Amino acid sequence: MSTNLCYQWLVNKVRHACSSSLNYITMTLTVTWFTSPLSLFYAFEWFKISCFTIQISFIFYRDESHANNGRATIADVRRYYGDFVEERGLGSYFRDQYVVTSVQKKFYTNKDVDSESGEVEPCKCKYKNHSFLWEVRGHCFHGDIDADREEFCYCTPNVVIATGTFDVPNKLSISGENLPYVLHSLQEVEHVLSNNKKKKSQDPVVIVGAGLSAADAIIMALKMKRPVVHVFRRGANDSQLIFKKLPAAIYPEYHNIHSMMKGKTINPLYKAYPNHSLVELRDDNHVLIQTTSGGDILSMDAFCVAILIGACPNLSFLPDNGKNLGIIPRCAIDSKHNPIHVDPYSYQCVAETGLYSMGPLVGDNFVRFGLGGSLGITNHLLLTKNKQIQ
């Protein structure tokens, strides 16, 4: 795993040692990337997590400038999560700055590995009624230098993978895609636009993609009075576009973007190119686009180019990148086309006992689906534990 990826650990029993025995481990991405002013949740009622309920107008809109169409921003939600953990006294159950490098199935034996080979001895865990355990390895940081890095190892009969699918941005694999002015995430777009507010330029921000990330980038650029050229392969009326699945009353800004894509709403700063794709990106910020049918090539200068066409999960900590876990075995995990295959009630992986997954990895791409996954896993863990006791 990349050292700039951190994970939070939610555990129900902790021993502060390198080799620890746990009943279960939940692995999720941290919320440290929640720093954007982008609107995320619609605040038309109460925002709830478990028994922790706070009226949105009190916690989210401390700053009037954040109240955009009644929607809470990503930064607001980040603060909410932090407040929730602190209010409920859950801090001791989280492991910040922990990087997971390996999750493997280890069958229990009474024999220790010969340390003369130079290999690190495996975690020594003894669980009854379990033929194997999951061994989770990685390293954590206690300071700013690599010397402060410490290895860790946990053994557990149950692991929950909830790391999301935004680790590795999808790319077009065209010439010039790695040039400095080409961006592949909303965070990069926000950074470039925010740091160049005073820089005058008539060159447009070229945004590629027809999903919510592309729409968020368009909203951000237009709010900063930047001209936008929007390039997407599908037709504006394609039934597969995500905008058709969102209630207009709850997501008016996304439907406004869709209306501009169809040409029904006119914004002098916005120009749509449906059924087009990028074909080349040049050193001088020159961009070439072409119709998907292979028609004439159009050229333009760009302030920057944001290619926002989805992302893939980084499951390098699993054997064979978790390919054995998908609905289509031996193929890469993809939230749309090949999510992790889980039981719909327990969220336990069909291919591996004791391994669970939830969220976008299993195709649940909306926040509201997270409750179903977490409750399903919790219920199954409790039922399994009760059966073992009996």
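Residues numbered from 1 in each chain as written. Predicted model: local features only at pLDDT ≥ 70, side-chain atom pairs only at ≥ 80, totals over all residues. Heavy atoms only, no water.

Q: Describe the side chain of glutamine 348, naming the residues involved and giving the relevant values.
A: Its location among the elements puts glutamine 348 in the loop between strand S21 (311–312) and strand S22 (355–357). Engagement of the side chain of glutamine 348 in a polar contact is seen with the backbone nitrogen of glycine 354, the distance being 2.7 Å. (Helix = DSSP H or I, 4+ residues; strand = E, 2+ residues; numbered from the N terminus. Polar contact = N/O pair within 3.5 Å; in protein donor to acceptor, adjacent residues only side chain to side chain.)

Q: Got a sec to walk through the pattern of salt bridges? Specific residues and values, please.
A: Scanning all chains against the criterion turns up five salt bridges. A salt bridge links arginine 137 to glutamate 135; its shortest N-O distance comes to 3.1 Å. On the basis of relative accessible area, glutamate 135 is assigned to the buried category, the value being 4%. Between glutamate 280 and arginine 282 there is a salt bridge, with the nearest N and O atoms lying 3.3 Å from each other. We classify arginine 282 as partly exposed; its relative accessible area is 35%. (Salt bridge = Lys/Arg side-chain N within 4 Å of Asp/Glu carboxyl O. Buried < 20%, exposed > 50% of the residue type's maximum accessible area, 1.4 Å probe, protein only.)

Q: Account for unusual backbone geometry, with residues named and values stated.
A: A negative phi holds for most residues other than glycine; trans holds for most peptide bonds. Although it is not a glycine, aspartate 320 adopts a positive phi angle of roughly 55 degrees. Counting through the fold element by element, aspartate 320 comes out in the loop between S21 and S22. The exposure class assigned to aspartate 320 is exposed, which follows from its relative accessible area of 52%. Residue arginine 330 is not a glycine yet carries a positive backbone phi of 70 degrees. We classify arginine 330 as exposed; its relative accessible area is 70%.

Q: Got a sec to walk through the sheet that holds strand S16 (residues 270–274)? Specific residues and values, please.
A: Strand order in the open sheet made by the five strands is S13-S20-S14-S15-S16, with parallel pairing throughout. Either end of the sheet is taken by a strand with one partner, and the two such strands are strand S13 (182–183) and S16. The sheet contact formed by strand S14 (residues 205–208) and strand S20 (residues 304–307) spans four bridges and is parallel. Residue valine 205 lies in a different strand from S20, and its bridge partner there is cysteine 304. Of the strands in this sheet, S14, strand S15 (228–232) and S16 touch helix H4 (residues 212–223), which is tilted by about 170 degrees from S15. (Pairing = 2+ DSSP bridges. Contact = heavy atoms within 4.5 Å. Axes fitted to C-alpha atoms, helices over the stretch in contact; angles between N-to-C directions.)

Q: Before we move on, could you go through the side chain of asparagine 338 and cite the residues and values that matter?
A: As for its placement among the helices and strands, asparagine 338 is situated in the loop between S21 and S22. For asparagine 338, the side chain forms a polar contact with the main-chain nitrogen of isoleucine 327, separated by 3.0 Å. Within the structure, the side chain of asparagine 338 is placed 3.2 Å from the backbone oxygen of cysteine 331, a separation counted as a polar contact. Excluding residues within four positions of it along the chain, asparagine 338 makes contact with Gly326, Ile327, Ile328, Cys331, Ala332 and Ile333.

Q: Can you explain the sheet that holds strand S19 (residues 297–301)? Please cite residues and give values.
A: In sheet architecture, strand pairing relies on hydrogen bonds along the backbone and comes in two forms, parallel and antiparallel. Taking strand neighbours across the sheet as the criterion, the three strands line up as S17-S18-S19 in an open arrangement whose pairing is antiparallel. At either margin of the open sheet sits one strand with a lone partner, and together these are strand S17 (276–281) and S19. Taking each pair of neighbouring strands and ignoring which way they run, the sheet shows an average axis angle of 30 degrees. In the sheet, strand S18 (residues 286–291) pairs with S19 via five bridges, with the strands oriented antiparallel. Note on S19: the bridge partner recorded for isoleucine 289 is leucine 298.

Q: For the environment of glutamine 348, give the residues involved together with the corresponding values.
A: According to the relative accessible area criterion, glutamine 348 is buried, its value standing at 16%. As a C-alpha pair, glutamine 348 and valine 159 span 189 residues in sequence and 9.6 Å in three-dimensional space. Setting aside chain neighbours within four positions, we find glutamine 348 in contact with His341, Val342, Asp343, Thr353, Gly354, Leu355, Tyr356 and His380.

Q: Explain the packing of aromatic side chains residue by residue, including any values.
A: Inspection of the entire model under this criterion finds six aromatic pairs. Relative to tyrosine 154, the ring of phenylalanine 152 lies with its centre 5.6 Å away and its plane at 55 degrees, an arrangement referred to as tilted. The class of tyrosine 154 is buried, set by a relative accessible area of 5%. Plain terms: the ring middles of tyrosine 251 and tyrosine 254 are 6.0 Å apart, the flat faces sit at 25 degrees to each other, and that makes the pair stacked. Take tyrosine 251: its relative accessible area is 15%, and that puts it in the buried class. Pairwise contacts between aromatic rings join Tyr98, Phe152 and Tyr154 into one cluster. The aromatic ring of phenylalanine 303 is capped on one face by arginine 226, whose charged end is 4.2 Å from the ring centroid. Positioned above the aromatic ring of tyrosine 273, the side-chain terminus of lysine 271 is 5.4 Å from the ring centre. (Phe/Tyr/Trp six-rings, centres within 6.5 Å; stacked < 30°, edge-to-face > 60°. Lys NZ or Arg CZ within 6 Å of the ring centre and 35° of its normal.)

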